[in-house]
Amino acid sequence: MNININELEESLPKECCSFCTHLSLDGPNEDYQYNIKCIMLDALPESNKRCEFFSPENSNLTTEDLDNLYINYLEACIKVNYDNYLNSIHFKLFKEKALSHYNNKCVLCGCSDNLEVHHVNKKFGRESLDDVFVVCSDCITK
């Protein structure tokens, strides 16, 4: 792990709301963002101090454990059958975002009928708009 990241982690306040068990996580929304809030105060958590309801999160996970869990998740995404992935809710949401980004038009001919989001690599589950392009069924068969 990067030494700078370790330094940042060490400087984080360990008893602030960010390390409290009273946080809820809602999302993702249409922009793939999550909303975190304190369930005790029904508000955004304070990032630099602890409140009267502070209850430390006691997990024995280390940053190395989290790194390994994330790597395993990414590897699992690559192993997913492509047709199954295309039918997942994650990809359906991403597809709508990609179609909107490309103005619902084929990047090759400009038509707006029978559009598909085509992957240029295998970053299934973690793709960005740079990892796909929109083409119509006529152009993809050419």
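Residues numbered from 1 in each chain as written. Predicted model: local features only at pLDDT ≥ 70, side-chain atom pairs only at ≥ 80, totals over all residues. Heavy atoms only, no water.

The full count for this structure, using the stated rule, is two aromatic pairs. Between the aromatic rings of tyrosine 85 and phenylalanine 91, the centroid separation amounts to 5.4 Å while the plane-to-plane angle is 55 degrees, which identifies the pairing as tilted. Accessibility assignment for this pair places tyrosine 85 and phenylalanine 91 in one class, buried. Geometrically, the ring pair formed by phenylalanine 91 and phenylalanine 94 is tilted, given 6.4 Å between the ring centres and 35 degrees between the ring planes. Of this pair, phenylalanine 91 and phenylalanine 94 both sit in helix α4 (residues 89-101), separated by three residues, roughly a single helical turn. The pair phenylalanine 91 / phenylalanine 94 is uniform in exposure class, with both members buried. Each member of the aromatic cluster is reached from another via a ring pair, and the members are Tyr85, Phe91 and Phe94. (Phe/Tyr/Trp six-rings, centres within 6.5 Å; stacked < 30°, edge-to-face > 60°. Buried < 20%, exposed > 50% of the residue type's maximum accessible area, 1.4 Å probe, protein only. Helix = DSSP H or I, 4+ residues; strand = E, 2+ residues; numbered from the N terminus.)

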